[in-house]
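Reading the structure
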Amino acid sequence: MTSVYHAGSRALQDRAGVRETADHVGLAIGAGIKPVAAAFLELQPLLVLGAADPSTGAVWASPLAGTPGFVRATGPRQMSVTGGVRPADPLAPALATEGTQVATIALDPRTRRRMRLNGRLRPTARGFAVAAERVFANCPKYIQRRQSYEVVADGGPGRTTRSGELSASQREFIESADTFFVATVHAGRVEVSHKGGNPGFVRAGSAHGLSWRDYPGNSMFLTLGNLRSDPRAGLLFLDWETGAVLQLTGEARTEDGEDGELTVRFVVTEVVETPSAVPLRWSAPEYSPANPARAH
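Note that the coordinates shown come from a computational prediction; the quantities given were computed from them, not determined experimentally. (Residues numbered from 1 in each chain as written. Predicted model: local features only at pLDDT ≥ 70, side-chain atom pairs only at ≥ 80, totals over all residues. Heavy atoms only, no water.)

Considerations on the overall build of the protein chain
Of the regular secondary structure elements, the protein chain holds six helices and 17 strands. C-alpha extents for the protein chain along the principal axes are approximately 50 × 45 × 40 Å. Pairs at least 24 residues apart make up 70% of the contacts formed inside the protein chain by residues separated by at least 6 positions. Only carbon and sulfur atoms are counted for the fraction: they give 52% of the accessible area of the protein chain, which is about 12500 Å². (Helix = DSSP H or I, 4+ residues; strand = E, 2+ residues; numbered from the N terminus. Contact = heavy atoms within 4.5 Å. Areas by Shrake-Rupley, 256 points an atom, 1.4 Å probe, with all protein chains shown as cover.)

Brief notes about the sheet that holds strand S7 (residues 127-138)
In spatial order, the strands read S2-S1-S5-S6-S7-S4-S3; together these seven strands make up an open sheet with antiparallel pairing. Lying at the two open borders of the sheet, with one neighbouring strand each, are strand S2 (59-65) and strand S3 (71-75). Between one strand axis and the next, the sheet turns by 35° as a mean value, whatever way the strands run. For strand S1 (residues 46-52) and strand S5 (residues 101-108), the ladder comprises three bridges, and the chain directions are antiparallel. Paired with Val48 across the strands is Ile105, a residue of S5. (Pairing = 2+ DSSP bridges. Axes fitted to C-alpha atoms, helices over the stretch in contact; angles between N-to-C directions.)

A closer look at the packing of helix H1 (residues 7-16) against helix H2 (residues 19-26)
One way to put it is that H1 packs onto H2 with a least axis distance of 8 Å and a crossing angle of 130°. Classified by the angle between their axes, H1 and H2 sit oblique to one another. Residues Arg10, Gln13 and Asp14 of H1 form the contact with H2, whose participating residues are Arg19, Ala22 and Asp23. Of the residues that constitute the contact of H1 with H2, the class distribution is one nonpolar, one polar and four charged. (Parallel < 35°, antiparallel > 145°, perpendicular 65-115°, else oblique. Nonpolar A, V, L, I, M, F, W, Y, C, P; charged D, E, K, R; others polar.)

So, the pairing of strand S12 (residues 202-206)
Direction of pairing for S12 relative to strand S13 (residues 209-213): antiparallel, over a ladder of three bridges. Looking at the pairing, Ser206 lines up with Gly209 of S13. Hairpin connection, S12 to S13: the antiparallel pair is bridged by two residues.

Digging into helix H6 (residues 222-229)
Of all eight residues in H6, six are buried, a share of seventy percent or more. Leu222, Thr223, Leu224, Gly225, Asn226 and Leu227 are the residues of H6 that are buried. (Buried < 20%, exposed > 50% of the residue type's maximum accessible area, 1.4 Å probe, protein only.)

Brief notes about the packing of H1 against H6
At a minimum axis distance of 7 Å, the contact between H1 and H6 shows a crossing angle of 120°. Crossing of H1 over H6 shows right-handed handedness. The residues of H6 that touch H1, namely those facing Gly8, Ser9, Ala11 and Leu12, are Leu222, Leu224, Gly225 and Arg228. Each residue belonging to the contact of H1 with H6 can be placed in one class, and the counts come to four nonpolar, three polar and one charged. (Left-handed = near helix turned anticlockwise from the far one by under 90°.)

Some thoughts on unusual backbone geometry
As a rule of thumb, non-glycine residues mostly have phi less than zero, and peptide bonds are mostly trans rather than cis. Although it is not a glycine, Tyr142 sits at a positive phi angle of roughly 70°. Positionally, Tyr142 belongs in the loop between S7 and strand S8 (149-151). If you check the backbone angles, Ala187 has positive phi at about 50° while not being a glycine. Structurally, Ala187 is set in the loop between strand S10 (179-186) and strand S11 (189-196). Its relative accessible area of 74% is what places Ala187 among the exposed residues.

Describing the packing of aromatic side chains
Summed over all chains, the structure comprises seven aromatic pairs. Relative to Trp212, the ring of Phe180 lies with its centre 4.9 Å away and its plane at 70°, an arrangement referred to as edge-to-face. You can see Phe180 sitting in strand S10 and its partner Trp212 sitting in strand S13, a full 32 residues away along the chain. Put simply, the rings of Tyr142, Phe180, Phe201, Trp212, Tyr215 and Phe237 touch in pairs and so form one group of aromatic residues. (Phe/Tyr/Trp six-rings, centres within 6.5 Å; stacked < 30°, edge-to-face > 60°.)

A look at the nonpolar core
With 30 residues, the main nonpolar core has Leu47, Met79, Val81, Leu95 and Phe128 as its most contacted residues. Elements with a contribution of two residues or more to this core: helix H3 (35-41), S1, S2, strand S4 (78-82), helix H4 (92-95), S5, strand S6 (113-123) and S7. Setting aside its immediate chain neighbours within four residues, Met79 contacts Ile33, Leu41, Leu47, Val71, Arg72, Ala73, Thr74, Thr104, Leu117, Phe128, Ala129 and Val130. (Core = buried A, V, L, I, M, F, W, Y, C linked by side-chain atoms within 4.5 Å.)

Describing the pairing of S10
With seven of its eight residues buried, S10 lies for the most part within the structure. Bridge count between S10 and S11: eight bridges; the pairing is antiparallel. Following the sheet pairing, Phe180 is matched in S11 by Lys195. Counting the residues between successive antiparallel strands, the hairpin from S10 to S11 contains two residues, one of them, Ala187, with a positive phi of roughly 50°. Summarising the sheet, S10 and strand S14 (residues 232-238) pair through four bridges and their orientation is antiparallel. Of the residues in S14, the one forming a bridge with Phe181 is Leu236.

In short, the description is geometric, and any link to function would need to be established separately.
Structure representation (structure tokens):
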């Protein structure tokens with residue numbers, strides 16, 4: 001499994017005693033887009049991407065939305081996306097750069113399914129394409145079900161604001177979230193993953209930092225494994241009711257919690273907030289039965 005996991009992921013798998021399980025799960029990672037995965041992609045109105053800014057090295061996670069079909073498989077090892085990120089999005093330079101390593105996750109709250117596709121990006125006349133290098137599905141754990149969505153044409157995104165710290169309202173929004181996405185890197189490769197829990201599972205303890213407890217997942221430890229060797233990370237919080245987007249970049253590290261579980265502590269470098277960035281308005285959540293009742 002050396003082509004799937006690096007030393008950081010292995011160390012955490014061994015710590016949790018799940019190396020054998022991780023090896024089994026890792027068998028599902030391939031470079032090809034199977035027909036069932038292609039069909040899933042074409043139904044999605046939302047795609048989340050992770051990458052590093054080519055000029056600064058800062059890691060970000062960003063959302064893309066469009067009419068289902070805007071993301072599709074255009075070959076057994078290629079995903080194409082029609083449209084691009086907003087010009088004010090911090091990942092705009094990366095997604096306009098040939099050869100950028102990107103990670104993507106398509107998550108469907110209606111069915112609580114998700115799939116990930118990572119690879120190298122190539123700008124196209126209509127958007128961009130990604131040559132797939134790692135494709136795999138994840139279990140539905142911690143995904144909140146949202147039964148439906150509406151598309152709102154309200155004049156487009158609001159004004160993007162940037163800051164070096166979290167405001168009181170942003171901290172309140174983070175602590176009310178039931179879902180966020182996190183992008184990480186290791187040796188040039190990128191991962192973007194979903195994190196979910198009951199509201200309060202993320203704590204914004206100060207204007208410069210937040211934390212969350214790592215819930216047991218698929219035993220792969222791709223995200224936390226990356227953080228053991230490279231602390232750069234990007235977080236994406238999406239307001240499912242208003243389409244507002246809060247993006248953070250900074251550094252994250254893991255530490256042992258009081259009960260032996262891992263806690264991730266994230267230090268903010270930059271904050272980017274955009275009202276109505278995504279034109280999707282989702283229905284109220286049905287919280288995952290896997291969510292721990294106690295957030296911390």
